[in-house]
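Observations on chain architecture
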Amino acid sequence: MTQVIKIPYKRGRDGRPVEFSIDVTTIRYKYQGEDNSKWRALGNIQGPNGWLPVLGGVSDGERRLLRVVDWAGGAGVKPPIGVYLSEDGYTTDSAQAVSIRGERGPRPDHQWVGTVLKVQHADGTLDDGVNLKGEKGDTGDKWVNWQGAWQANTPYEAGDGVENEGNSYRRKTDGTDTVFNLADWDLLAQGGTVANGTVTNDKLSGDVAFKNYPWATTANPISSLRNGIPDLKLYGVDPSKLYTISNLRRNSGANWQVTIQEWTGSALGPVVFNWQQTDYTETTDTTTITIYGSGNLRAEVSVKWSAMSSTVNNTGMTYPTSGIHPKTYQADPYSLINKTVLRNFPWVPSATPTAQIRAGIRDISLYGVDVSKMYTLGIVKRNASNVWQLSIYEWTGSALGSLVFNFQQTGYTEPGAGIDTIKITTGGGLVAVIVVDWSQLTGVNSTGIGYNTAGISPLCYQSSVAGLLTAGSVTETSLAPGAASTTKIPDAAVTIPKLESAVVLKNYPWQVAATPSAVLRASILDVKLFNVPSGKLYALSTFRRNVTVSGVPATWQIIIQEWNGSSLGATAFSWSKVNYVPGADIETIAISGSGKLCEITIDWTQVTEGLNISGASFNSAGISPRCSRSAKPVAAAMDVVLPPKLHLINGAQYWFYDDAIVRNSYVFEREPLKIDLSATRISDGTAITPFSYMQGQGVITGGENFNLTVKVQDYSAGGRDPYTAYQKTIQVASKAKPTGATINLLLITDSFFDAQWGDGAMAYLNQFALADGNTINFKGTRTSYGYRGECYAGWSEVTFLTKYIPTANRANVNAAGSDPNLHSPFLFSTDDTPANAVFDFAQYRTSYGIGAVDVVCFHLGVNGGDGTQMNQMIASIKADLPACKILVCMVPPAEKNRAGFDSVNRQGGRLIQNDNYISKFGNREAEGIYLVPVHMSFNREYGYAFANAERMQFNLNSAPARVVQTDHHPNASGMKAEAYAIYNYLMYVVV
């Protein structure tokens with residue numbers, strides 16, 4: 001008997017099922033659809049004693065095999081299982097088994113007819129196809145019906161959207177209001193502007209597209225700006241200011257122009273950068289234009305010409321249109337990219353001056369010139385027919401233009417040393433300073449020199465002569481136009497706005513007349529001196545590698561000393577190591593000294609073993625005044641916002657987070673900066689460690705009275721010795737924790753206390769007190785989740801001091817904080833009018849039966865204010881209760897991730913508020929006034945509630961994942977941390 005079976009999951013390469021026929025001893029197979037002549041024998045499959053196999057399919061790579069999984073129908077012991085079917089019967093080797101998988105067949109053709117997919121049969125016909133178009137979905141209800149600006153006495157329906165005072169709202173229910181009532185509206189988006197100081201030095205990473213960059217988050221640039229200017233960098237600008245592109249022209253009347261001006265907040269301010277060309281040739285589609293401003297300011301504007309219309313002509317543009325994002329600010333215009341040394345200065349990089357001109361013209365400074373123009377040294381003569389001449393011309397782009405500066409003398413007497421500093425003035429107030437080594441110009445008689453040969457680098461331009469006229473022994477009035485001075489101008493007076501990224505001067509970092517040794521010139525790549533006094537000169541007097549100094553072997557040493565004009569003076573910077581191992585071949589070492597910083601970049605491969613230079617003078621190793629800097633731009637922007645004193649009960653642990661207390665923390669997190677802590681006991685100066693710190697956060701423990709020093713350490717120099725960029729020392733005072741105390745507490749607060757976040761702030765205060773055996777009596781007229789206080793959501797210090805509502809119109813004291821008729825309980829008026837209302841704490845206690853108050857705690861900064869009105873309220877409280885203690889809570893930090901808000905802006909504003917609080921309430925403990933630094937221990941990400949609206953993001957697998965977004969109110973963790981800080985101070989002041 002023959003049995004035909006199908007193994008449905010076993011298919012050939014063309015996708016067809018395999019059919020098998022099995023008789024008593026033989027198994028055969030063919031593919032479905034083949035005729036019976038195609039049966040293929042696999043061999044005799046009968047086992048011993050009449051056993052017939054039970055077969056199962058298995059995979060072997062691309063092959064498909066049959067394996068015996070059991071036996072049936074026989075007598076005696078079953079044969080072994082696990083063997084494979086082969087052409088000769090059975091085999092234990094899978095490689096010898098027969099594959100039942102056929103060759104891969106051709107892919108069937110298909111055709112789309114609209115949304116219907118049809119597949120072709122083997123005979124070439126198409127099937128009926130499947131319509132893949134789904135049913136049309138429901139469009140849903142419109143969520144917001146936009147009505148524009150809110151209007152009083154206008155009926156609104158639920159779902160209507162309006163704008164009011166820069167914010168967007170959606171109406172909750174139908175209604176008409178005479179005044180805007182927040183209780184009737186849901187906030188959709190809060191307006192705002194980019195705050196001063198929202199600066200970062202880090203360029204946005206390639207996988208993060210910052211909103212609107214390089215334009216301010218609120219700007220709405222025209223297409224020529226948005227598409228035509230893909231990037232901007234502003235070097236050395238004031239990070240507290242705003243800037244905008246005011247003029248953008250492309251071939252408008254044959255003019256090309258980019259102008260960047262300050263933005264005052266309401267109007268265009270001074271021009272900071274201006275690039276303007278006539279008949280400009282666009283050599284490439286994308287061009288980076290470098291524009292020099294006054295001093296060391298520089299802008300780099302990337303322009304994509306093809307993305308602009310052919311005749312762009314936009315002038316007078318303002319910040320709302322073309323405001324520049326502060327993330328484009330680059331604080332340090334002196335940064336040396338890859339420590340590259342450009343030896344072509346003072347010539348443009350493309351110029352090829354002759355060897356004599358290159359050696360003879362040491363330096364050029366052009367004061368007051370038009371920075372949008374090009375200049376070239378067109379004539380150089382030395383004793384050519386008894387004439388000495390240096391002439392500087394404008395360069396039109398193809399030929400010499402107007403003569404700007406001309407030094408021309410007959411029978412000129414050169415200085416004995418051959419090096420001359422010549423100052424050339426013009427009737428228009430322009431000044432050129434040229435440092436010349438005449439000895440290198442013997443026989444030179446060159447005229448008509450073009451820009452390609454002697455074009456002067458824009459790094460030589462100075463926009464003002466003021467610095468030159470106040471320094472040195474030569475003054476403007478001492479020279480007639482065109483005259484020359486052989487009196488030396490001190491090197492410090494020749495201040496060129498050089499040092500573009502990847503650029504240092506020819507003799508830099510040595511002063512122009514210095515002749516350093518070959519090893520110094522090769523090994524000292526850069527020197528930066530920060531915070532050094534203006535006008536001081538310095539020399540690298542000592543440079544040693546692995547020598548014995550004062551009996552100490554294997555000493556490495558760097559010493560920089562002041563130069564008093566004729567000899568070495570006081571040591572400014574000193575670095576000494578024993579058995580030092582450089583961290584890299586090229587290494588930058590940071591050396592601190594009395595509030596100053598030196599960063600010296602050394603190529604150790606050029607420093608010979610046993611080098612021992614000492615007593616080097618200014619002539620051999622004088623450091624160029626161009627190496628002198630003001631404070632380090634990035635690190636100087638860091639400070640730590642803390643009150644001058646902290647107060648802890650013994651054993652209390654006070655957590656703090658870097659991004660809550662460090663100004664410009666978004667820069668801090670991306671720069672090589674780190675916080676270091678140290679402490680000394682006040683009583684004896686002993687070093688102690690009542691703290692622990694890990695990157696980003698730390699904890700301070702109460703128990704002793706000590707001075708805590710907080711440092712911001714700057715590792716940007718690349719060395720292992722950081723520079724202390726910022727340092728603050730605060731006092732920490734500790735007391736024993738009271739037990740059995742009863743405190744009458746009045747809270748004057750905002751929504752952080754009025755609403756119940758977690759268990760609620762007052763509930764947490766009560767829990768802490770009960771755990772310590774203490775009692776808090778909450779005083780006030782208003783009830784918030786079961787506790788008394790004066791807690792009003794949305795109120796600020798101004799509201800408490802000014803919101804007087806006539807008696808007949810007052811809302812219930814427990815109405816929503818947004819109720820326009822909710823009255824400040826502290827205000828009283830003799831004629832029941834707001835005009836005569838005053839804040840009277842004594843009358844408040846009497847009128848409402850408040851009774852004794854030991855402590856008043858303010859928590860009001862979230863809704864604005866700088867402490868001015870709070871000071872007025874405190875004065876009234878102290879007049880009534882002189883012994884009453886006042887707690888002023890500092891403003892909690894801004895939430896880190898809130899949809900539609902600039903967290904950087906908000907956090908910067910909060911720290912400004914806290915600075916104002918410190919100036920008004922710091923060091924007033926003798927008056928019974930204490931600053932509570934609740935901002936320290938508030939985690940900006942995990943201390944805030946998630947946003948009410950669910951935010952979802954789909955990953956590559958289309959699986960939804962929650963995007964962490966924070967609301968501006970705390971969650972249980974954040975509220976408990978803040979309540980703990982307040983409780984700690986509450987216990988401290990009642991002891």
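Everything below is about the structure printed above this text.
The structure contained in this document is the topic of the report that follows. Note that the coordinates shown come from a computational prediction; the quantities given were computed from them, not determined experimentally.

**Some words on the nonpolar core**
In this structure, Leu708, Leu745, Phe753, Leu765 and Leu887 are the most contacted members of the largest nonpolar core, which totals 67 residues. Counting residues per element, this core draws most heavily on helix α17 (residues 972–990), which supplies 10 residues. Not counting residues within four places of it along the chain, the set of residues in contact with Phe753 comprises Leu747, Ala761, Met762, Leu765, Ser784, Tyr785, Cys791, His859, Met975, Glu978 and Ile982. Ala815, Tyr844, Met873 and Ile874 belong to the second-largest nonpolar core, a separate cluster that totals 37 residues.

**Thoughts on the packing of helix α15 (residues 868–880) against helix α16 (residues 903–921)**
Viewed as axis vectors pointing N to C, α15 and α16 meet at an angle of 35°, and their least axial separation amounts to 10 Å. Crossing handedness for the pair α15 and α16: right-handed. Residues Thr868, Met870, Asn871 and Ile874 of α15 pack against Tyr917, Lys920 and Phe921 of α16. Looking at the contact of α15 with α16 residue by residue, the class counts come to 4 nonpolar, 2 polar and 1 charged.

**Some details on the sheet that holds strand β42 (residues 653–657)**
Spatial ordering of the open sheet is given by β42-β46-β45, a layout of 3 strands whose pairing is antiparallel. A single partner strand is all that each edge strand has here, and the edge strands are β42 and β45 (691–694). Neighbour-to-neighbour, the strand axes of this sheet turn through a mean angle of 15°, independent of strand direction. Sheet analysis places β45 next to strand β46 (residues 697–701), joined by 4 bridges and oriented antiparallel. By the bridge assignment for β46, Tyr693 is matched with Gly698.

**Some thoughts on the environment of Phe618**
Mapping Phe618 onto the fold places it in helix α7 (residues 618–621). Using a relative accessible area of 9% as the deciding quantity, one classes Phe618 as buried. For the pair formed by Phe618 and Glu562, sequence separation is 56 residues and the distance between their alpha carbons is 9.2 Å. Phe618 has contacts with Gln511, Ala514, Leu537, Tyr538, Ala539, Trp563 and Ile623, leaving out every residue within four places of it along the chain.

**Things to note about a nonpolar patch on the surface**
On the surface, a nonpolar cluster with roughly 330 Å² of combined accessible area is contributed by Trp112, Val130 and Leu132. Relative to the helices and strands, Val130 is located in strand β11 (residues 130–131).

**Topic: the packing of helix α12 (residues 761–771) against α17**
With their axes 9 Å apart at the nearest point, α12 and α17 run at an angle of 55° to one another. Between α12 and α17, the angle is such that the two are oblique. Crossing of α12 against α17: the hand is right-handed. Note on element contacts: α17 touches α12 through Ala972, Met975, Lys976, Ala979, Tyr980, Ile982 and Tyr983, opposite Ala761, Tyr764, Leu765, Phe768 and Ala769. Looking at side-chain class alone, the contact of α12 with α17 contains 11 nonpolar, no polar and 1 charged residues.

**As for the packing of aromatic side chains**
Following the criterion strictly, the structure yields 35 aromatic pairs and no others. Ring centres of Trp395 and Tyr451 lie 6.1 Å apart, and the angle between their planes is 20°; this geometry places the pair in the stacked category. Of the two residues, Trp395 is situated in strand β26 (residues 387–395) and Tyr451 in helix α4 (residues 451–454); the sequence distance between them amounts to 56 residues. Both residues of the pair, Trp395 and Tyr451, count as buried. Measuring from ring centre to ring centre gives 6.3 Å for Tyr580 and Trp604, while their planes differ by 55°; the resulting arrangement is tilted. On the criterion of sequence distance, the pair formed by Tyr580 in the loop between β35 (568–578) and β36 (586–593) and Trp604 in the loop between β37 (596–603) and β38 (612–613) is long-range, its members being 24 residues apart. Joined through ring pairs, the aromatic side chains of Tyr792, Trp795, Phe800, Phe826, Phe828, Phe839, Phe841, Tyr844 and Tyr848 make up one cluster. When the ring centre of Phe573 is taken as reference, the NZ or CZ atom of Lys596 above it lies at 5.9 Å.

**Regarding the environment of Tyr156**
Checked against the element boundaries, Tyr156 lands in the loop between β12 (145–149) and β13 (160–164). Note on Tyr156: relative accessible area 5%, which makes it buried. Residues Tyr156 and Thr173, spaced 17 residues apart in sequence, show a C-alpha to C-alpha distance of 8.1 Å.

**As for the sheet that holds β26**
If you trace the 4 strands from one edge of the open sheet to the other, you get β27-β26-β25-β30, paired in antiparallel fashion. Since the sheet does not close on itself, it has two edges, and those belong to β27 (400–410) and β30 (445–446), each with one partner.

**Observations regarding the pattern of salt bridges**
Pairs can form between side chains of opposite charge whenever their charged atoms are close. Per the counting criterion, the structure on display carries 22 salt bridges. With a closest N to O distance of 3.1 Å, Arg63 and Asp60 form a salt bridge. With a closest N to O distance of 3.5 Å, Asp684 and Arg681 form a salt bridge. Looking at Arg681, the relative accessible area reads 21%, which means it is partly exposed. Taken together, the salt bridges that share partners define one network made up of Arg171, Asp177 and Asp184.

**Things to note about the pairing of strand β57 (residues 929–932)**
Burial of the side chains of β57 extends over both faces: Ile929 and Leu931 are buried on one face and Tyr930 and Val932 on the other. Of the pairings in the sheet, the one linking strand β56 (residues 885–889) to β57 comprises 4 bridges and is parallel in character. Its bridge partner being in β57, Val888 is matched across the sheet by Leu931.

**Here's the deal with the side chain of His823**
With respect to the element layout, His823 can be found in the loop between α13 (797–802) and β53 (827–829). Taking the relative accessible area as the measure of exposure, His823 reaches 7% and is therefore buried. A polar side-chain atom of His823 sits 3.1 Å from the main-chain amide nitrogen of Ile805. In this structure the side chain of His823 is engaged in a polar contact, spanning 3.3 Å, whose partner is the backbone oxygen of Leu827. When neighbours within four sequence positions are excluded, His823 is seen to be in contact with Tyr792, Trp795, Lys803, Tyr804, Ile805 and Arg810.

**As for the pairing of strand β5 (residues 52–60)**
As paired elements, β5 and strand β6 (residues 63–72) share 9 bridges and run antiparallel to each other. Bridge pairing links Ser59 to Arg64 in β6. Hairpin connection, β5 to β6: the antiparallel pair is bridged by 2 residues, and Gly61 has positive phi, about 65°.

**A short note on unusual backbone geometry**
The backbone phi angle of Asn383 is positive, close to 55°, even though this residue is not glycine. With respect to the element layout, Asn383 can be found in strand β25 (residues 374–384). A relative accessible area of 45% means that Asn383 is categorised as partly exposed. In this model, Asn579 sits at a positive phi of 55°, which is unusual for a non-glycine residue.

Conventions we followed
Residues numbered from 1 in each chain as written. Predicted model: local features only at pLDDT ≥ 70, side-chain atom pairs only at ≥ 80, totals over all residues. Heavy atoms only, no water. Core = buried A, V, L, I, M, F, W, Y, C linked by side-chain atoms within 4.5 Å. Buried < 20%, exposed > 50% of the residue type's maximum accessible area, 1.4 Å probe, protein only. Helix = DSSP H or I, 4+ residues; strand = E, 2+ residues; numbered from the N terminus. Contact = heavy atoms within 4.5 Å. Axes fitted to C-alpha atoms, helices over the stretch in contact; angles between N-to-C directions. Left-handed = near helix turned anticlockwise from the far one by under 90°. Nonpolar A, V, L, I, M, F, W, Y, C, P; charged D, E, K, R; others polar. Pairing = 2+ DSSP bridges. Patch = residues over 30% accessible without salt bridge, like charges linked within 9 Å, V, L, I, M, F, W, Y side chains within 5 Å. Areas by Shrake-Rupley, 256 points an atom, 1.4 Å probe, with all protein chains shown as cover. Salt bridge = Lys/Arg side-chain N within 4 Å of Asp/Glu carboxyl O. Parallel < 35°, antiparallel > 145°, perpendicular 65-115°, else oblique. Phe/Tyr/Trp six-rings, centres within 6.5 Å; stacked < 30°, edge-to-face > 60°. Lys NZ or Arg CZ within 6 Å of the ring centre and 35° of its normal. Polar contact = N/O pair within 3.5 Å; in protein donor to acceptor, adjacent residues only side chain to side chain.

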